[in-house]
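The primary structure of each chain is shown beneath.
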Protein chains: 2
Amino acid sequence: MNHPVSRRVDLPLDDCCEQGMANSSRTLFILSDRTGITLEHLVRTLMTQFDDTCCERVVLPFLDAASKVEAAIREIDAAAVEDDAPPVVFSSIVDEELRARLMTANAQVFDIFDVFLPSLSAAIGRPSSGHVGLSHGMGDPRVYDQRVDAVNFALNFDDGSRLRGLAEADLILVGVSRSGKTPTCLYLAMQYAVRAANFPLTEEDFMLGRLPDALRENRDRLFGLTISPDRLHRIREERRPGSDYASLPQCRNEVSAAEDLYRSHAIPFLDSTSVSIEELAIEIMQRVGVERHY
Amino acid sequence: MNHPVSRRVDLPLDDCCEQGMANSSRTLFILSDRTGITLEHLVRTLMTQFDDTCCERVVLPFLDAASKVEAAIREIDAAAVEDDAPPVVFSSIVDEELRARLMTANAQVFDIFDVFLPSLSAAIGRPSSGHVGLSHGMGDPRVYDQRVDAVNFALNFDDGSRLRGLAEADLILVGVSRSGKTPTCLYLAMQYAVRAANFPLTEEDFMLGRLPDALRENRDRLFGLTISPDRLHRIREERRPGSDYASLPQCRNEVSAAEDLYRSHAIPFLDSTSVSIEELAIEIMQRVGVERHY
């Protein structure tokens, strides 16, 4: 039989692009000797600059031994064959020998230590240590315990069940039910060891015509959340379909009463409708002036 | 009066180091047009390679207008004067004009888009868009809602109060009280939209001599946590000082019974004593084979 001879040519990347292979799919590997969380964030940020359909992502954490790096290389090389294009590899492996092995993979490797450490070391005037990093390890156990304590604090205050400790809170999020207080408090606790309490505003509070006593005593640390009545309605419908609680008029009334309360007591507030937990957390810390513990 | 004339000489960085200024403190700025979370992670990872005492860090998020960037530049220039050394600046600002302004600061600037985008664009064969990234914004609202749902799921299952829904869980963390289940479940939910349920093992379960029914029906998704009795004792002492619950013998018995249960039912488990929530989460997802939704 007479097959046409096919030979795979490994073109340099720039040539690939010039030759119109721009839309071939490429696999994007994220390799780390620890969790890989840092690199995942970085890659996600960088990839916001490209269209979504670009690259399948594979995260390979805990690559802390030669055998594990070899297995990763086999996976990378297999993807190169399948995609007919060398994968893009982001690596935060610290060990020199493991990094050298990785360079044998059929891939375009971005090693973040290679990229940054030489010039960073020059900029701060200190040599780098070469130790495996633990940016998502326990780090300082005291700080770590503060994070876990803060999570427990947020859980204990959830739904305002323990008013008496509000004085201990770094900040107090107020808002109507399902306006985003709980996830935001938990995120602040988990990531920044901020003790955030959660105070739900109810019709009783609105009828009172003034700030509830528990809040008045802690005015300097209050932050309000608001939300569009439509979105609140949809969220509450999932929880209690067809209820008064979830009805659009009820949501409209509560949101409007909460915003009136914020305005009349000069409580800073944000609309959580189209803002992520992360964005809320960072902006709230900045505006309340909370010290980050992590 | 006759003061000696002092003149500040702006040495290039390499010269500074050679001249023994290696231990002068430098301020490290993290600048972003959004939350800055990605850069904070990256800088934390990079700085694990230097000693701890190196640099005070200042995070300036939401720099999305010329006036805000100008204010940041004033802060950077002031730090340069105070430290008598140009600050190190990490920036993930996307807008070209704002980036150009930033370059007028008296600083060593690491712009992660400048660093990565040209070669990444070549590697994947696509142009970059130049749009402000939203890697910590809401992104896909459906995915975002999954994260919030997963947080609520974790909260509802906290302390095993709602057994009937275990079947809906992506994974079920089991362990004695205060072994780290709750923060880990919440982290999995918040970061990866994984629906993680929390099942506390009690003496009742240990006396049963077999897996509780609710767990037996969901064996494929069980993952155990264990902890050193000493650390458990210290954690419980903070919660209920002097109680039987917190006593060292009680902690020893419970931990040993839990580990026996894991081994006899081939439930994979990890020791949370010196492992962070992030590390637990990543390793558990990998070992249970949970699909990440984010």
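Because the structure is predicted, anything quoted here is derived from the model rather than measured.

What counts and what doesn't
- Residues numbered from 1 in each chain as written.
- Chains lettered and ligands numbered in written order.
- Predicted model: local features only at pLDDT ≥ 70, side-chain atom pairs only at ≥ 80, totals over all residues.
- Helix = DSSP H or I, 4+ residues; strand = E, 2+ residues; numbered from the N terminus.
- Buried ≥ 20, exposed ≤ 12 C-beta atoms within 10 Å, placed from the backbone.
- Contact = placed C-beta atoms within 7 Å.
- Nonpolar A, V, L, I, M, F, W, Y, C, P; charged D, E, K, R; others polar.
- Domains from an automatic or database assignment.
- Axes fitted to C-alpha atoms, helices over the stretch in contact; angles between N-to-C directions.
- Parallel < 35°, antiparallel > 145°, perpendicular 65-115°, else oblique.
- Left-handed = near helix turned anticlockwise from the far one by under 90°.
- Core = buried A, V, L, I, M, F, W, Y, C linked by C-beta atoms within 7 Å.
- Least-squares fit on C-alpha atoms with pLDDT ≥ 70 in both.
- Expected span 1.5 Å × (residues − 1).
- Pairing = 2+ DSSP bridges.
- pLDDT = per-residue confidence, 0-100.

Undergrad: Whenever I open this one, the overall build of chain A confuses me. Can you help?
TA: Scanning chain A from terminus to terminus reveals twelve helices and eight strands. The buried share of chain A, reckoned over its 294 residues, is 41%. When contacts within chain A are restricted to residue pairs at least 6 apart in sequence, long-range pairs at least 24 apart make up 72% of them.

Undergrad: Sorry if this is basic, but what is going on with the interface of chain A and chain B here?
TA: One widely used convention gives an interface's size as the accessible area the parts lose upon coming together. Opposite the 62 residues of chain A that make contact, chain B presents 62 residues. Here the side of chain A that touches chain B is composed, by residue class, of 34 nonpolar, 20 polar and eight charged.

Undergrad: Just checking my understanding: could you explain the domain arrangement of chain A for this structure?
TA: The domain boundaries assigned to chain A delineate domain 1 (13-124) and domain 2 (141-286). Distance from the C-alpha centre of domain 1 of chain A to the C-alpha centre of domain 2 of chain A: 40 Å.

Undergrad: Got a minute to help me understand the packing of helix α10 (residues 229-239) of chain A against helix α11 (residues 248-264) of chain A in this structure?
TA: To characterise two packed helices, one gives the angle between the axes of the helices and the distance between these axes. All names here are of chain A. Remark: α10 packs on α11, axes separated minimally by 9 Å, with the N-to-C direction vectors making an angle of 125 degrees. As summarised for this structure, α10 and α11 are arranged oblique, according to the angle between their axes. Here α10 and α11 pass one another in a crossing that is right-handed. Along the contact surface, α10 presents P229, L232, H233 and R236, while α11 presents L248, C251, R252 and V255. Its residues assigned to classes, the contact of α10 with α11 comprises five nonpolar, one polar and two charged.

Undergrad: Before we go on, may I ask you to explain the nonpolar core in this structure?
TA: Nonpolar side chains tend toward joint burial in soluble globular proteins. Counting residues in hydrophobic clusters, the biggest one holds 89 residues, and the most contacted among them are A:L186, A:A189, A:A196, B:L186, B:A189, B:V194 and B:A196. Excluding anything up to four places from it in sequence, A:A196 contacts A:A154, A:A169, A:D170, A:L171, A:L173, A:C185, A:L188 and A:A189. Counting residues in each nonpolar core, the second largest holds 64 residues, with A:F29, A:V43, A:L102 and B:C55 among its members.

Undergrad: Quick question: what am I supposed to make of the relation of the copies chain A and chain B here?
TA: Applying a rotation about an axis and a shift along it to one chain copy brings it onto the other copy. The transformation that overlays chain A on chain B combines an axial shift of 0.0 Å with a rotation of 180 degrees, and the residual RMSD is 0.1 Å. Overall, the copies show the geometry of a two-fold rotation axis.

Undergrad: I tried to follow helix α12 (residues 277-288) of chain A on my own but got confused; where do I start?
TA: Residues lying three or four places apart along an α-helix face the same way, a consequence of the helix completing one turn every 3.6 residues. The terminal C-alpha atoms of α12(A) lie 16 Å apart, and with twelve residues this matches the ideal 16 Å at 1.5 Å per residue to within 8%. The secondary structure elements touched by the buried residues of α12(A) are β5 (171-176), α7 (181-192), β7 (222-226) and β8 (269-271) of chain A together with α2 (37-47) of chain B. Taken from the residues just after α12(A), A:G289 is the one with a positive phi, measuring 75 degrees.

Undergrad: Help me understand the sheet that holds strand β6 (residues 196-201) of chain A, please; the structure alone is not making it clear to me.
TA: Backbone-to-backbone hydrogen bonds pair the strands of a sheet. The strands run either parallel or antiparallel. Residue and element names in this part refer to chain A. Strand order in the open sheet made by the four strands is β6-β5-β7-β8, with parallel pairing throughout. Taken across any chain shown, the strands that pair with only one partner, and hence form the sheet edges, are β6 and β8. Within the sheet, the average angular offset between the axes of one strand and its neighbour, ignoring direction, is 25 degrees. With three bridges connecting them, β5 and β7 associate as parallel partners. Bridging from a neighbouring strand, V174 pairs with G224 of β7. In this fold α11 packs onto β5, β6, β7 and β8, with an angle of close to 150 degrees to the strand it touches most, β7.

Undergrad: What exactly am I supposed to notice about the environment of B:E168 here?
TA: Structurally, B:E168 can be placed in the loop between α6 (141-157) and β5 (171-176). In this structure, the C-alpha to C-alpha distance between B:E168 and B:A193, residues 25 residues apart in sequence, is 13 Å.

Undergrad: Looking at this structure, I do not really get the confidence of the model for chain A. What am I missing?
TA: Any segment with low pLDDT has predicted coordinates that should not be analysed in fine detail. All names here are of chain A. When pLDDT is averaged along chain A, the result is 84, and 84% of the positions lie at 70 or above. For residues 1-23, every residue scores under 50 in pLDDT, and the model assigns this stretch 13 contacts once sequence neighbours within four places are set aside. Predicted complex, confidence summary: ipTM 0.76, pTM 0.77.

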